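Analysis of the macromolecular model
So the chains spell out like this:
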Amino acid sequence: MTISILIVPPFSTLCNAAFALRREVFVWEQKVPEAEEHDADDLTATHFVAIAVGEVVGTLRLLDRPEHVKIGRVAVRQAFRGQGIAKAMIHAAMAHARAAGRDRFYLTAQSDKLDFYQRLGFVAFGPEFQDGGMPHRAMRTYDRDSAQLTG
């Protein structure tokens, strides 16, 4: 299966398909309250989509913050999981940020996904917290030696 990863403008046709995929994964499948799924950051984020078999099957967004680049809203359609799509999107997003001179990455991961992000170079730190009704941990690729798990 060929996967194409593209950067898409907010509210373009492909970005709207990504928003629909996020609703499918986070709201319908994972029961995140719909009011928490979209936020004002969607207007300024850099949105990535993964396209396979002619449809959007994955998405994530990058938020450029002064202290780091935040990766968020990583979602892959259920039927396409386990095929390297999320990994490919994260690598593409990080390469995009590095091309702009940014090399400090941060995300909040669902606690059951920590191993996946650790394999991509992230380390968890801080206490576990609830987001969208699910336990999460903050993770980063920088200052790895000072990252402390608490709680």
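Attention here is on the structure that accompanies the text. Computed from a predicted structure; not experimentally measured.

We now examine the overall build of the chain. Scanning the chain from terminus to terminus reveals four helices and seven strands. Counting helices and strands in the order they occur from the N terminus, the chain gives β-α-α-β-β-β-α-β-α-β-β. The C-alpha atoms of the chain give a radius of gyration of 15 Å, which matches the 15 Å a tight globule of 151 residues would have. Structurally, the chain occupies a C-alpha span of about 45 × 35 × 30 Å along its principal axes. Counting over 151 residues, the chain shows a buried share of 46%. Contacts spanning at least 24 positions in sequence make up 56% of the contacts within the chain whose residues lie at least 6 apart.

Further remarks concern the sheet that holds strand β5 (residues 105-110). Strands sit in the order β1-β2-β3-β4-β5-β7-β6 across an open sheet of seven strands; the sheet is mixed. Either end of the sheet is taken by a strand with one partner, and the two such strands are β1 (4-8) and β6 (123-131). Taken over all neighbouring pairs, the strand axes of this sheet differ in orientation by 25 degrees on average, direction set aside. Where strand β2 (residues 46-52) lies against strand β3 (residues 55-64), seven bridges are found, and the strand directions are antiparallel. Residue pairing across strands places Ala52 opposite Glu55, the latter belonging to β3. Lying over the sheet, helix α1 (residues 13-29) contacts β1, β2, β3, β4 (69-76) and β5, oriented at roughly 95 degrees with respect to β3. Across the face of the sheet, helix α3 (residues 85-99) comes into contact with β1, β2, β3, β4 and β5 while running at roughly 35 degrees to β3.

All right, on to the pairing of β5 then. Within β5, five of the six residues are buried, which leaves the element mostly enclosed by the surrounding structure. Sheet topology note: the β4/β5 ladder contains two bridges and is parallel. Bridge pairing in β5 links Val69 to Phe105. At this point the chain moves from β4, through α3, to the parallel β5, and the crossover so formed is right-handed. As paired strands, β5 and strand β7 (residues 134-140) are joined by five bridges and run antiparallel to one another. Considered in β7, the bridge of Ala109 is made with Arg137.

What follows is about α3. In a regular helix each residue adds 1.5 Å, so 15 residues correspond to 21 Å; α3 covers 21 Å between its end C-alpha atoms and thus fits that length. Those residues of α3 that fall on the buried side of the exposure criterion are Ile85, Ala86, Met89, Ile90, Ala93, Met94 and Ala97. Across the axial projection of α3, the buried residues extend over an arc of 160 degrees, all falling on one side. As for α3, its buried residues are in contact with β1, β2, β3, β4, β5 and α4 (114-119). The first or second residue beyond α3 is Gly101, which carries a positive phi of 85 degrees.

As a further point, take the pattern of salt bridges. Where charged atoms from two side chains of opposite charge approach closely, those side chains can pair. Considering all chains together, one arrives at 14 salt bridges under this definition. A salt bridge links Asp39 to Arg73, with the nearest nitrogen and oxygen atoms 3.2 Å apart. In this pair, Asp39 is assigned in the loop between α2 (34-37) and β2 and Arg73 in strand β4, connecting sequence segments 34 residues apart. With relative accessibility at 31%, the residue Asp39 sits in the partly exposed group. On the accessibility criterion, Arg73 (22% relative accessible area) is partly exposed. Through salt bridges with shared partners, one network takes in Arg22, Glu37, Asp39, Asp42, Arg61 and Arg73.

Quick notes on the rules
- Residues numbered from 1 in each chain as written.
- Predicted model: local features only at pLDDT ≥ 70, side-chain atom pairs only at ≥ 80, totals over all residues.
- Heavy atoms only, no water.
- Helix = DSSP H or I, 4+ residues; strand = E, 2+ residues; numbered from the N terminus.
- Rg over C-alpha atoms; globule rule 2.2 N^0.38 Å.
- Buried < 20%, exposed > 50% of the residue type's maximum accessible area, 1.4 Å probe, protein only.
- Contact = heavy atoms within 4.5 Å.
- Pairing = 2+ DSSP bridges.
- Axes fitted to C-alpha atoms, helices over the stretch in contact; angles between N-to-C directions.
- Right-handed = clockwise from strand over helix to strand, strands pointing away.
- Expected span 1.5 Å × (residues − 1).
- Arc of directions from axis to C-beta.
- Salt bridge = Lys/Arg side-chain N within 4 Å of Asp/Glu carboxyl O.

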